[in-house]
Amino acid sequence: MKHRIGFNALSRTTSERTALKRNMVTSLFRYERIETTKAKALEVRKMAERMITKAKVDNVHNRRMAARDIHDEAVLDKLFKEIAPMFQDRNGGYTRVLKTGYRLGDAAEMVILELVEKTQKKDAKAEKKAEKKAEKASK
């Protein structure tokens, strides 16, 4: 029976597990998609969902709470200014887990953990085309 087991220890000590989850959450918010094992993804998902929920309200307290785990200032800023506003009308379920198969070395089940909605990335080529069209229209 699995009574009173609140998390997966991932065969690591507390400090190793904390560092692993912090790094993976930071990578998830930076790249908006990561590939990892199913067990790690399910643990990282819990942490990421809670952070996005807190980031919906941009105040000093919530920024400090998120900064305890996200040490990269640019990623922290992206979480509060780009990612959280996308999910303002959503009550949960900000991430999805897609199964990709099994790893060759040890047959661990691999998954892709990604945000449900993607941020709008500015394309350099698209911007240049828009500028050229604007120049032609003005001439």
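Look up a bit, the structure's there.
Rules used in this analysis
Residues numbered from 1 in each chain as written. Predicted model: local features only at pLDDT ≥ 70, side-chain atom pairs only at ≥ 80, totals over all residues. Heavy atoms only, no water. Helix = DSSP H or I, 4+ residues; strand = E, 2+ residues; numbered from the N terminus. Rg over C-alpha atoms; globule rule 2.2 N^0.38 Å. Buried < 20%, exposed > 50% of the residue type's maximum accessible area, 1.4 Å probe, protein only. Contact = heavy atoms within 4.5 Å. Areas by Shrake-Rupley, 256 points an atom, 1.4 Å probe, with all protein chains shown as cover. Lys, Arg positive; Asp, Glu negative; His and termini not counted. Charge placed at Lys NZ, Arg CZ, Asp CG, Glu CD. Salt bridge = Lys/Arg side-chain N within 4 Å of Asp/Glu carboxyl O. Phe/Tyr/Trp six-rings, centres within 6.5 Å; stacked < 30°, edge-to-face > 60°. Lys NZ or Arg CZ within 6 Å of the ring centre and 35° of its normal.

(A) View of the overall build of the protein chain. If you tally the helices and strands in the protein chain, you get 5 helices and 3 strands. Element order for the protein chain, N to C, with α for helix and β for strand: α-β-α-α-α-β-β-α. Computed over its C-alpha atoms, the radius of gyration of the protein chain comes to 19 Å, more than 25% above the 14 Å expected for a compact globule of 139 residues. Summarising its shape, the C-alpha atoms of the protein chain cover approximately 75 × 45 × 25 Å along the three principal directions. Sorting the 139 residues of the protein chain into buried and exposed places 34% on the buried side. Here the contacts in the protein chain between residues at least 6 apart in sequence split such that 57% fall between residues at least 24 apart. For the protein chain, the exposed area adds up to about 9700 Å²; of that, 51% sits on carbon and sulfur atoms. Within the protein chain, the 20 negative side-chain charges are centred at a point lying 3 Å from the centre of the 34 positive side-chain charges.

(B) Representation of the pattern of salt bridges in the model. Under the definition given, this model contains 14 salt bridges. Note that E117 and R90 form a salt bridge whose closest N and O atoms lie 3.5 Å from each other. Separated by 27 residues along the polypeptide, E117 in the loop between β3 (109-115) and α5 (124-138) and R90 in the loop between α4 (73-86) and β2 (95-102) bring together distant segments of the chain. Judged by its relative accessible area of 28%, E117 is partly exposed. What makes R90 partly exposed here is its relative accessible area of 27%. A salt bridge links R103 to D106, with the nearest nitrogen and oxygen atoms 3.0 Å apart.

(C) Structural context of the packing of aromatic side chains. The tally for this structure, following the rule as stated, stands at 1 aromatic pair. The ring centre of F80 lies 4.6 Å from the NZ or CZ of R63, which sits over that ring.

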